[in-house]
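Residue-level listing of the chains:
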Amino acid sequence: MEPTPASAFEDREAWTERAPRAVATLLVAKLSHEGNPGQLCRVRNISEMGMQIDTVASLLPGMQITVETRGGALLTGAVAWTQAKRAGVRFDGPIDVDTILGKPNALVAAARPRSPRFVADVPARISSYGRAIDVTLADLSQGGACIRLQRPLREDTEVILMIPGLPTRRCTTRWSNEEFTGVSFHDPISYTELSDWLDSPHARG
């Protein structure tokens, strides 16, 4: 990644002075931009006009991005500055911070939010009752996964999921249809573990 231009740091200082007071947070979110359909990021702070994120993605000032927060809210904007693995983003328009953070006084009471999901489409394997079954990992989050398999599994079945590049995980099936089964992990994947996996060849099959 090329060094950040000095003008970007000047933009950062000017933007910080003009921005409304930001709320400190540590939201885990999904970052998307041209050439990268999904990478993990953290929202460090957020205001109605912008946010600061941590990410390993190669971002440049002026780049348009979308960040999907836990619960499915989509935040769109342009990168204002970058420094190391951190970036400032100006939103395309004002947002309701309370709604994004899921505060009690938000106008809409949302259901329990789920972690951002990342499309995978890579081969994997499960072990159920001592029998190994080849499956396809359709998507993945910190808390669970969706797998494609030939024969559906019953709900509340305990299985072991083996994904290349990640430690094996004990799971419980939560739903199933003729083609897909959703599982929740007994122990969530850590932020660093998932971020590294998404940036590895394993995530591309």
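Bear in mind the structure is a predicted one, so any value in this text is a computation, not a measurement.

Moving on: the confidence of the model for the chain. Mean pLDDT over the chain works out to 85, with 84% of the residues at or above the 70 mark. Here residues 104-111 scores under 50 on pLDDT; set against residues more than four positions off or in separate chains, the count is 3 contacts.

Right, let's talk about unusual backbone geometry for a bit. With a phi angle near 55°, tyrosine 129 is a residue other than glycine that sits in the positive phi range. With respect to the element layout, tyrosine 129 can be found in the loop between strand S7 (118-128) and strand S8 (131-140). In this structure tyrosine 129 comes out as exposed when scored by relative accessible area, which is 69%. Phi at aspartate 156 is positive, roughly 65°, even though this residue is not glycine. Within the element layout of this structure, aspartate 156 appears in the loop between strand S9 (144-148) and strand S10 (158-162). For aspartate 156, a relative accessible area of 56% corresponds to the exposed category.

Quick look at the sheet that holds S9 now. Taken in spatial order, the 6 strands line up as S7-S8-S9-S12-S11-S10 and close into a barrel, and their pairing is antiparallel. Averaged over all neighbouring strand pairs, the angle between strand axes comes to 45°, with direction disregarded. Bridge count for S8 against S9 is 4 bridges, and the pairing is antiparallel. Looking at the pairing, leucine 137 lines up with isoleucine 147 of S9. Of the strands in this sheet, S7, S8 and strand S11 (169-176) touch helix H3 (residues 191-198), which is tilted by about 115° from S7.

Conventions adopted
Residues numbered from 1 in each chain as written. Predicted model: local features only at pLDDT ≥ 70, side-chain atom pairs only at ≥ 80, totals over all residues. Heavy atoms only, no water. pLDDT = per-residue confidence, 0-100. Contact = heavy atoms within 4.5 Å. Helix = DSSP H or I, 4+ residues; strand = E, 2+ residues; numbered from the N terminus. Buried < 20%, exposed > 50% of the residue type's maximum accessible area, 1.4 Å probe, protein only. Pairing = 2+ DSSP bridges. Axes fitted to C-alpha atoms, helices over the stretch in contact; angles between N-to-C directions.

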